[in-house]
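Examination of the molecular architecture
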Amino acid sequence: MNEVINNIKNEISENDVVLYMKGTSSMPQCGFSSRVAGVLNYLEVVYKDVNVLENEDLREGIKSFSEWPTIPQLYIKGEFVGGCDIITEMAMSGELDELLEKNKISYSSEAATKIREANKHIVLLHGAIDELIDKNMGQVTSTTLSNPNTFEKIYRTLKNQNFQRNRSMDILSLILAQKKEIPLDPCLLYTSPSPRDS
C-alpha cells in the first residue's frame with residue numbers, strides 16, 4: 001500500500017489536474033466518472049486521467065489517501081477538490097472557474113458560461129418542484145422519489161397550474177418517458193451541453 005500512496009503523491013505533484021476515475025476520459029465506465037470527465041473535457045482542461053479499475057490496490061488506496069469513500073476524485077495542484085456532486089455544484093456556481101483561475105490552469109470560460117446557461121432551467125425546476133411538494137404532496141421520501149408516479153403527479157399538477165417554464169416541462173416529460181429513477185436534485189439532473197452546441 002505504501003507504494004500505491006507514493007505513486008498517488010507523485011501523480012498529483014507532477015500533474016496540475018488529476019482525475020481518479022472508473023475508466024478513462026475517452027471511455028468512462030460509470031456515470032459519475034463520465035460526468036466529471038465530461039465537465040473537464042467540455043471546459044478544455046488538460047488533465048491526467050487515472051483508471052482505478054486497472055488496479056484494486058489503487059482503487060482502495062486513493063480512498064484511503066483522500067479519506068473520501070467514493071470515486072471519481074479530482075485533484076488540482078496536489079489538493080483534493082471533491083467527487084462528482086461537489087465538482088458538478090462548483091461548475092454550476094462558478095467556483096470551479098475561480099479555482100482554475102487561482103491555480104493558473106487554462107480553461108474555456110465561454111464553455112463554463114454555456115454550462116451554467118444550459119442548466120438554468122434545472123434550478124428553476126428544482127425550486128418549483130420543492131414548492132409543489134411542500135404545498136401538495138407532503139413529505140417525500142427516497143422511496144417516493146424513485147417512483148415514476150411521483151413525477152407523473154408533479155407533471156399533472158404543474159400542467160394544471162399552467163406552469164410556463166417550458167424547458168422545465170420538457171425535462172420532466174423526458175424523465176417520465178424514460179421512467180428513470182432520478183432524485184429531485186438539480187446537480188444530479190445536470191448534463192453538459194454538447195461541444196457542438198452553439
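Residues numbered from 1 in each chain as written. Predicted model: local features only at pLDDT ≥ 70, side-chain atom pairs only at ≥ 80, totals over all residues. Heavy atoms only, no water.

Section: the overall build of the protein chain
A count of helices and strands for the protein chain gives 11 helices and four strands. Here the protein chain, with 198 residues, has 42% of them falling under the buried criterion. Partitioning the contacts of the protein chain with sequence separation of at least 6, the portion at a separation of at least 24 is 64%. Just so you have it, the protein chain exposes about 11200 Å², and 46% of that area is on carbon and sulfur atoms. (Helix = DSSP H or I, 4+ residues; strand = E, 2+ residues; numbered from the N terminus. Buried < 20%, exposed > 50% of the residue type's maximum accessible area, 1.4 Å probe, protein only. Contact = heavy atoms within 4.5 Å. Areas by Shrake-Rupley, 256 points an atom, 1.4 Å probe, with all protein chains shown as cover.)

So, helix 2 (residues 31-42)
The terminal C-alpha atoms of helix 2, which comprises 12 residues, lie 16 Å apart, in line with the 16 Å expected from a rise of 1.5 Å per residue. Taken as a whole, helix 2 has its buried residues at Ser 33, Arg 35, Val 36, Ala 37, Val 39, Leu 40 and Tyr 42. In the segment just after helix 2, Glu 44 is the residue with positive phi, at about 65°. (Expected span 1.5 Å × (residues − 1).)

So, the pairing of strand 1 (residues 17-21)
With five of five residues buried, strand 1 lies mostly within the body of the structure. Along strand 1, one buried face is formed by Val 17, Leu 19 and Met 21 and the opposite face, lined by Val 18 and Tyr 20, is buried too. Direction of pairing for strand 1 relative to strand 3 (residues 73-76): antiparallel, over a ladder of four bridges. When the sheet's bridge partners are listed, Leu 19 is paired in strand 3 with Leu 74. Here strand 1 pairs with strand 2 (residues 48-51) via four bridges, running parallel. (Pairing = 2+ DSSP bridges.)

Quick look at the nonpolar core
Counting residues in hydrophobic clusters, the biggest one holds 25 residues, and the most contacted among them are Leu 19, Leu 43, Val 45, Ile 76, Leu 96 and Leu 100. Ranked by the residues each element gives to this core, the list is headed by helix 2, at five residues. If we ignore the near neighbours within four places in the chain, the residues touching Leu 19 are Val 36, Ala 37, Leu 40, Tyr 47, Lys 48, Asp 49, Val 50, Pro 72, Gln 73 and Leu 74. The next biggest cluster of nonpolar side chains, apart from the first, holds 12 residues, and it includes Ile 5, Tyr 20, Val 52 and Tyr 75. (Core = buried A, V, L, I, M, F, W, Y, C linked by side-chain atoms within 4.5 Å.)

A word on the packing of aromatic side chains
Using the criterion set out here, one finds four aromatic pairs in the structure. Note on Tyr 75 and Phe 80: the rings are 5.3 Å apart at their centroids and 45° apart in plane angle, and the pair reads as tilted. (Phe/Tyr/Trp six-rings, centres within 6.5 Å; stacked < 30°, edge-to-face > 60°.)

Regarding the confidence of the model for the protein chain
The predicted model of the protein chain has a mean per-residue pLDDT of 74, with 60% of residues at 70 or higher. Of the regions scoring below 50 in pLDDT, residues 163-171 engages in 16 contacts with residues more than four places distant in sequence or in other chains. A low-confidence stretch, residues 174-198 (pLDDT under 50), is modelled with 50 contacts involving residues beyond four sequence positions or located in other chains. (pLDDT = per-residue confidence, 0-100.)

Side note on the packing of helix 4 (residues 84-93) against helix 5 (residues 95-102)
Two numbers describe how helix 4 lies on helix 5: the axes approach to 5 Å, and their chain directions differ by 90°. By the angle between their directions, the pair helix 4 and helix 5 is classed as roughly perpendicular. On helix 5, the residues touching Ile 87, Met 90, Ala 91 and Ser 93 of helix 4 are Glu 95, Leu 96 and Leu 99. Each residue belonging to the contact of helix 4 with helix 5 can be placed in one class, and the counts come to five nonpolar, one polar and one charged. (Axes fitted to C-alpha atoms, helices over the stretch in contact; angles between N-to-C directions. Parallel < 35°, antiparallel > 145°, perpendicular 65-115°, else oblique. Nonpolar A, V, L, I, M, F, W, Y, C, P; charged D, E, K, R; others polar.)

A closer look at the sheet that holds strand 2
An order of 2-1-3-4 is seen for the four strands of this open sheet, with the pairing classed as mixed. If you trace the sheet from one side to the other, it starts and ends with strand 2 and strand 4 (79-82), each paired once. Direction aside, neighbouring strands of the sheet carry axes that sit 25° apart on average.

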